[in-house]
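Observations on chain architecture
In case you want the letters, here they are:
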Protein chains: 2
Amino acid sequence: MIKIGVIDLGSNTSRLVIYACEPGVSYKLVDQVRERVRLAEGIGPDGALHEEPIRRALESLTLFRSLCKASQVDKVIALATSATRDASNQALFLQRAKAACGVELRVLSGEEEAYYGYLGMINAFQHDDCFMFDVGGGSAQVTQVVNRQVRHGFSLPLGAVRMSERFFTSTPPSRKQIEALYDYVSERLSQHLARLKSPAPLIGSGGTARALAKLDQETRRYPMDRIHGYELSVDALDSLIKRMSRMTLSELEKMPGMNDERTDVILGGALVIRAIARVGKFDSILISGTGVREGAFFEQFLKDDQPHTDLQAPPVFVNPRQFAVDNMAHQYQVWHEHSFHVRKLACDLFDALRPLHGFGAAERELLCAGALLHDIGYRVSYYNHDKHSQYLIESGDLPAFTHREIALIGLMTRYHRKGEPDCTQYADIFVKDDAMRARVLAGMVRLAEYLERGRRQIVRGVTCQLERGEIVVRADILPHLRAEASMELWEAQRHSTLLAQALGRNIRVV
Amino acid sequence: MIKIGVIDLGSNTSRLVIYACEPGVSYKLVDQVRERVRLAEGIGPDGALHEEPIRRALESLTLFRSLCKASQVDKVIALATSATRDASNQALFLQRAKAACGVELRVLSGEEEAYYGYLGMINAFQHDDCFMFDVGGGSAQVTQVVNRQVRHGFSLPLGAVRMSERFFTSTPPSRKQIEALYDYVSERLSQHLARLKSPAPLIGSGGTARALAKLDQETRRYPMDRIHGYELSVDALDSLIKRMSRMTLSELEKMPGMNDERTDVILGGALVIRAIARVGKFDSILISGTGVREGAFFEQFLKDDQPHTDLQAPPVFVNPRQFAVDNMAHQYQVWHEHSFHVRKLACDLFDALRPLHGFGAAERELLCAGALLHDIGYRVSYYNHDKHSQYLIESGDLPAFTHREIALIGLMTRYHRKGEPDCTQYADIFVKDDAMRARVLAGMVRLAEYLERGRRQIVRGVTCQLERGEIVVRADILPHLRAEASMELWEAQRHSTLLAQALGRNIRVV
């Protein structure tokens with residue numbers, strides 16, 4: 001287990017993230033510190049960083065250095081983006097920064113910044129083809145991804161701080177100022193976006209995007225407390241912009257969900273994002289919690305010959321969902337033999353009953369995740385571990401799944417022992433038949449769990465047949481163990497009701 | 001880290017608990033399996049166990065054996081109580097049991113059963129003097145504890161299954177049958193309890209006691225989902241008995257919170273417990289989640305020269321609360337230097353501000369717990385780790401604290417970064433001024449946390465003085481580090497509002 005720290009000195013904030021990881025196998029974010037540095041503040045025609053922002057930046061770097069030391073971080077990667085990249089006094093600043101944080105700051109070019117943003121996002125989403133943007137304080141990057149690889153990308157100096165400082169003189173700004181900013185950004189973007197246009201989803205990263213997601217979630221009382229993977233509709237973005245463009249600083253500060261370090265630049269940033277979405281003709285934005293920092297981390301995490309990557313390609317997970325599930329199972333040290341076997345039995349049931357439930361690969365993947373993770377709640381307490389499993393799944397990191405999918409996985413674990421899946425709180429994010437999905441999938445995990453009641457893999461597999469309208473589940477047990485397995489069969493029969501009712505058939509376990 | 005399994009073959013249920021532990025340092029319940037065996041079923045005048053219950057018992061022991069093997073348990077302790085103790089065919093049964101579970105069953109005498117029940121309870125409660133009972137299926141034990149040691153104890157064949165089988169012929173039983181049972185038990189108890197009487201709390205263990213607690217919690221919509229430490233008033237017990245004594249089996253099964261493996265003997269068991277409480281003149285019962293099994297585990301856990309015990313005494317924690325907090329900190333591998341230092345700074349504040357808040361040793365102990373555990377939520381996710389800390393504290397094992405105290409500790413961790421402690425959900429268990437306690441204590445943890453913002457122990461301690469009505473918090477910082485520490489002072493000042501408002505004074509951090 002090693003610790004990797006990534007420092008990211010942006011135009012608005014300076015951050016440190018610390019990951020504990022076993023390279024290529026599992027990782028966990030163990031710390032994050034954010035300082036509002038506003039390094040790009042007040043840059044004038046000479047293009048030089050000012051002394052006061054520099055002082056704040058150096059202070060944050062000193063703090064990060066001592067945090068890394070206290071956390072026994074093995075490797076520190078320090079990145080600087082737009083504000084440093086464009087500074088006329090860059091060389092002197094880098095010298096002082098090195099003295100402060102003990103490591104050399106690597107100044108990313110616009111292309112490199114776009115690339116690391118892409119690495120951060122592609123490893124946290126399952127999409128093969130998509131567009132990505134990363135709107136920071138100083139610059140904005142847009143990347144087209146085809147087949148999980150970069151097709152085109154560009155970086156423009158259209159960051160939230162930079163645009164706000166250039167176009168706005170007050171909060172709220174005048175309507176004219178708002179229009180001027182928006183038109184300027186659209187104009188700059190359209191030259192580049194024109195050749196990228198294609199029907200694919202848009203994924204967006206950066207502090208502004210995350211802050212907007214949070215504000216929209218508050219508006220609609222969203223049932224999940226997670227930002228990554230949130231779908232922000234462009235209509236919702238428009239209405240947020242409309243509201244914010246009339247607000248004073250203190251009104252902005254009072255908005256539920258507002259991050260108070262961003263109030264003075266959030267409108268400018270929102271307009272940049274709106275321009276990207278409108279010029280590219282997207283209806284919604286999938287918000288990413290990961291970006292440049294995580295990209296730099298993934299490069300380290302996946303740099304050698306690792307099981308989850310393809311050596312011919314960039315350091316990108318072949319299957320980020322599968323990695324995410326394995327990673328979570330790894331974090332909570334679930335009892336592997338038992339969990340793997342419950343997954344196997346649940347899949348046997350799923351495959352054998354396919355004509356009855358009619359679900360496909362998407363549901364099977366969720367079933368695998370729910371079955372493998374059903375017992376992670378043990379880490380909290382033996383008592384109510386089914387409830388704790390759901391809590392850990394809803395609170396933890398399963399980046400490449402949608403919120404709806406995470407809710408379904410959580411429900412399978414919550415109801416793997418008893419009870420009727422209660423989906424009411426997810427009405428807002430569930431689609432047609434999801435309540436039925438939850439019942440069928442939880443019913444399968446439950447039946448598999450009780451076939452594995454003794455955690456001894458005595459039931460090696462199952463087959464199912466329809467006999468006179470009844471589902472007959474046949475357990476495969478070695479002949480000399482049949483007497484011993486009566487407990488498993490009896491328990492499985494007793495706990496088959498949820499699945500039986502969901503499928504509308506009697507179940508007989510033999 | 002070793003694993004210890006304890007098998008407990010009782011008259012009603014057969015159980016296996018598995019603990020992972022580092023002897024004397026930390027432990028965690030990692031698995032528990034319960035089988036309804038009803039070993040004492042149908043014992044007639046010949047006193048012999050019947051073949052069918054024996055078969056069920058052997059089946060459960062075989063299952064436990066394979067579970068222990070699958071879990072890689074290092075040591076198995078197998079105990080048998082009243083049903084086996086009193087069986088005329090004991091020798092033959094023990095031979096068959098050994099073949100089934102692979103280890104010799106140790107048949108506890110009544111005194112030994114009382115002793116292990118005591119060990120299980122005393123290590124999970126902070127009381128110096130108290131009475132304890134353990135009502136099982138076959139027998140009931142009562143023990144007087146003085147200065148955390150056994151003064152007197154006895155065991156009588158008054159278990160829930162035994163009494164129900166002897167006095168009841170139907171469900172519900174007749175009023176006459178109920179009275180006969182109650183009078184018989186009271187009569188037997190009063191001979192022994194008379195000389196034990198004293199004004200001390202009553203702590204009760206066993207499946208019946210826990211089931212009654214759960215039923216009462218459901219009746220009053222109790223805010224915490226934990227049984228251990230629950231205070232069941234004798235009035236509430238009376239009203240449960242009144243309701244249950246009119247119910248059929250299927251009505252009992254439908255009671256919210258009812259454990260369906262116990263419906264036919266719960267009334268009998270409740271009457272035994274009622275007799276203990278009434279004859280001993282107790283007003284309420286503190287329910288224990290631990291008993292004989294845990295006692296046998298603690299004997300192993302504390303058997304050598306361990307830091308938490310006194311060699312002259314039985315294997316009993318000197319301070320079970322402190323152990324519980326350390327144990328939880330250990331489970332979640334919190335960042336020790338930082339957490340310890342936040343605890344130190346919070347205690348500095350508490351001690352220096354004592355004239356203003358007027359709280360004493362009890363609150364200081366809670367503050368220590370909350371400060372040490374404030375970051376355990378990191379184990380779930382960096383994001384919202386304050387909420388996760390509260391969840392883990394409310395769901396986890398802090399046995400020697402009351403539910404009210406656990407709620408207060410949880411609130412300190414929940415609000416260690418931001419927000420106003422919200423105590424509304426605890427109205428039912430909080431006492432006068434607890435909302436104020438939560439604010440003051442959370443305010444101190446928060447101020448300490450921000451004085452330790454850089455996790456570098458740069459602020460070594462604090463002193464406080466009242467200057468012109470204002471609280472001046474003076475941070476002790478080495479002279480050459482003063483410039484570097486400005487961040488901590490600034491953050492602490494910014495986050496002092498909760499404490500300042502709770503104490504009704506301005507706070508200035510210098």
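To start, this report covers the structure provided alongside it. For every chain, the first residue of the written sequence is number 1, and numbering continues from 1 along that sequence. Written order determines the labels here, with chains lettered from A and ligands numbered from 1. A pLDDT threshold of at least 70 governs which residues receive local features in this predicted model, and a stricter bar of 80 or more applies before side-chain atom pairs are shown or counted, although totals over entire chains, interfaces and linings include all residues. As a rule here, side-chain values cover all heavy atoms of the structure and leave hydrogens and water aside.

Turning our attention to the overall build of chain A. Regarding its fold elements, chain A presents 20 helices and 14 strands. The globule rule used here is 2.2 Å times the number of residues to the 0.38 power, and the radius of gyration it is set against is calculated over C-alpha atoms. Here chain A has a C-alpha radius of gyration of 26 Å; the compact-globule value for 510 residues is 24 Å, and the two agree. Taken along the three principal axes of its C-alpha coordinates, chain A extends 85 × 45 × 40 Å. Categorising residues by exposure relies on relative accessible area from a 1.4 Å probe, with only protein chains included: less than 20% of the type maximum marks a residue as buried, more than 50% marks it as exposed, and the intermediate range marks it as partly exposed. Within chain A, the proportion of its 510 residues that are buried is 62%. To be clear on the numbers: accessible area is Shrake-Rupley with a 1.4 Å probe, and residue cover counts the displayed protein chains and nothing else. For chain A, the accessible surface area stands at approximately 19900 Å², while carbon and sulfur atoms represent 49% of it. In this tally, Lys and Arg are treated as positive and Asp and Glu as negative; His is ignored, and so are the chain termini. All charge positions are set by atom: Lys at NZ, Arg at CZ, Asp at CG, Glu at CD. In chain A, the 64 positive side-chain charges and the 63 negative ones have mean positions that sit 2 Å from each other. Note on conventions: DSSP H or I runs of at least 4 residues are helices, E runs of at least 2 residues are strands, and numbering of each starts at the N terminus.

Here the focus is the interface of chain A and chain B. Bring the parts together and some accessible area is lost; that lost area is often taken as the interface size. Between chain A and chain B, the residue contacts involve 41 residues of the former and 41 residues of the latter. Across the chain A/chain B interface, buried area totals approximately 3700 Å², and carbon plus sulfur atoms make up 44% of it. Here, a salt bridge means any Lys or Arg side-chain nitrogen found within 4 Å of an Asp or Glu carboxyl oxygen. At the junction of chain A and chain B, the tally comes to six salt bridges. The partner of Lys387(A) in a salt bridge is Asp225(B), and the shortest N-O contact between them spans 3.2 Å. Contacts: residue pairs with any heavy atoms within 4.5 Å of one another. Buried area: the sum, over both parts, of the accessible surface (1.4 Å probe) that disappears when the two are put together.

Here we come to the relation of the copies chain A and chain B. The least-squares superposition of copies is restricted to C-alpha atoms, and to residues with a pLDDT of at least 70 in both copies. Rotating chain A by 180° about the axis while translating it 0.0 Å along that axis superimposes it on chain B, leaving an RMSD of 0.0 Å. Here the symmetry operator amounts to a two-fold rotation axis. Both copies contact each other with a shared surface, as 100% of the interface residues of chain A are interface residues in chain B too.

Each pair of aromatic rings taken from Phe, Tyr and Trp, with Trp reduced to its six-membered ring, is defined by centres within 6.5 Å and is described as stacked if the planes are under 30 degrees apart, edge-to-face if over 60, and tilted in the remaining cases. Tallied over the entire structure, the rule returns 41 aromatic pairs over all chains. On the basis of an interplanar angle of 10° and a centroid distance of 5.8 Å, the ring pair of Tyr27(B) and Phe323(B) is categorised as stacked. Placement of the pair is Tyr27(B) in strand E3 (residues 26-36) and Phe323(B) in helix H12 (residues 320-331), with a sequence separation of 296 residues. Assigned by exposure class, Tyr27(B) and Phe323(B) land together as buried. With a centroid separation of 5.6 Å and an interplanar angle of 80°, the aromatic rings of Phe298(B) and Phe317(B) are classed as edge-to-face. Here Phe298(B), found in helix H11 (residues 292-301), pairs with Phe317(B), found in the loop between H11 and H12; they are 19 residues apart in sequence, far enough to count as distant. A relative accessible area of 2% places Phe298(B) in the buried class. Among the aromatic residues, ring-to-ring pairing joins Tyr19(A), Tyr27(A), Phe297(A), Phe298(A), Phe301(A), Phe317(A) and Phe323(A) into one connected group. Charge-over-ring placement is defined geometrically: NZ (Lys) or CZ (Arg) within 6 Å of the ring centre, and within 35 degrees of the ring normal. Here Arg414(A) stacks its cationic end above the ring of Tyr415(A), 4.6 Å away from the centre of that ring.

The pairing of strands in a sheet comes from backbone hydrogen bonds and takes either a parallel or an antiparallel form. Residue and element names in this part refer to chain A. Pairing between strands is defined by DSSP: at least two bridges between them are needed. Pairing within the open sheet is mixed, and its three strands lie in the order E12-E13-E14. Where the open sheet ends on each side, the last strands, each with one partner, are strand E12 (461-467) and strand E14 (507-509). Pairwise comparison of adjacent strand axes, ignoring direction, gives a mean angle of 25° for this sheet. By the bridge criterion, seven bridges tie E12 to strand E13 (residues 470-476) in an arrangement that is antiparallel. Across the sheet, the residue bridging to leucine 466 is isoleucine 471, located in E13. Lying over the sheet, helix H19 (residues 486-494) contacts E13 and E14, oriented at roughly 170° with respect to E14. Lines fitted to C-alpha atoms define the axes, with helix axes restricted to the stretch in contact, and inter-axis angles between N-to-C directions lie between 0 and 180 degrees.

Below, the discussion takes up the pattern of salt bridges. Scanning all chains against the criterion turns up 76 salt bridges over all chains. The closest approach of N and O atoms between Arg364(A) and Asp351(A), which form a salt bridge, is 2.8 Å. Of this pair, Arg364(A) sits in helix H15 (residues 361-373) while Asp351(A) sits in helix H13 (residues 336-352); the two residues are 13 residues apart in sequence, bridging distant segments of the chain. Among the residues examined, Asp351(A) registers a relative accessible area of 34% and is labelled partly exposed. For Glu467(B), the salt bridge is made with Arg508(B), and the minimal N-O distance between the two is 4.0 Å. With Glu467(B) in strand E12 (residues 461-467) and Arg508(B) in strand E14 (residues 507-509), this pair connects stretches of sequence that are 41 residues apart.

In this section: the sheet that holds strand E6 (residues 130-135) of chain B. Residue and element names in this part refer to chain B. If you walk across this open sheet you meet the six strands as E8-E7-E6-E9-E11-E10, and the pairing is mixed. In the strand order of this sheet, the two ends are held by strand E8 (149-156) and strand E10 (231-233), each with one partner. For this sheet the average axis-to-axis angle between neighbouring strands, irrespective of direction, equals 25°. By the bridge criterion, three bridges tie E10 to strand E11 (residues 284-287) in an arrangement that is antiparallel. Bridge pairing in E11 links leucine 232 to isoleucine 285.

The next point concerns the packing of helix H7 (residues 207-220) of chain A against helix H10 (residues 266-279) of chain A. All names here are of chain A. For the pair H7 and H10, the least separation of the axes is 9 Å and the interaxial angle reads 100°. As the angle between them shows, H7 and H10 are arranged roughly perpendicular. In contact with Thr208, Ala209, Ala211, Leu212 and Leu215 of H7, H10 contributes Ile266, Gly269, Ala270 and Ile273. Residue polarity follows a fixed list, in which Ala, Val, Leu, Ile, Met, Phe, Trp, Tyr, Cys and Pro are nonpolar, Asp, Glu, Lys and Arg are charged, and the others, Gly among them, are polar. Taken together, the residues that form the contact of H7 with H10 break down as seven nonpolar, two polar and no charged. To sort the angles, those under 35 degrees are grouped as roughly parallel, those over 145 as roughly antiparallel, those from 65 to 115 as roughly perpendicular, and the leftovers as oblique.

All names here are of chain B. Any helix carries an expected span of 1.5 Å times its number of residues minus one. Along its 12 residues, helix H3 (residues 90-101) runs 16 Å from first to last C-alpha, staying within 8% of the 16 Å computed at 1.5 Å per residue. Listed in full, the buried residues belonging to H3 are Phe93, Leu94, Ala97, Ala100 and Cys101. The arc enclosing the buried residues of H3, seen along the axis, measures out at 120°, which places them on a common side. What points out from H3, more than 90 degrees from its buried face, is the exposed set Ala91, Leu92, Gln95 and Ala99. Tucked inside the fold, the buried residues of H3 contact strand E1 (2-9), helix H1 (51-70), helix H2 (82-85) and strand E5 (106-107). Just downstream of H3 lies glycine 102, where phi reads positive at about 80°. The arc refers to the directions leading from the helix axis to the C-beta atoms.

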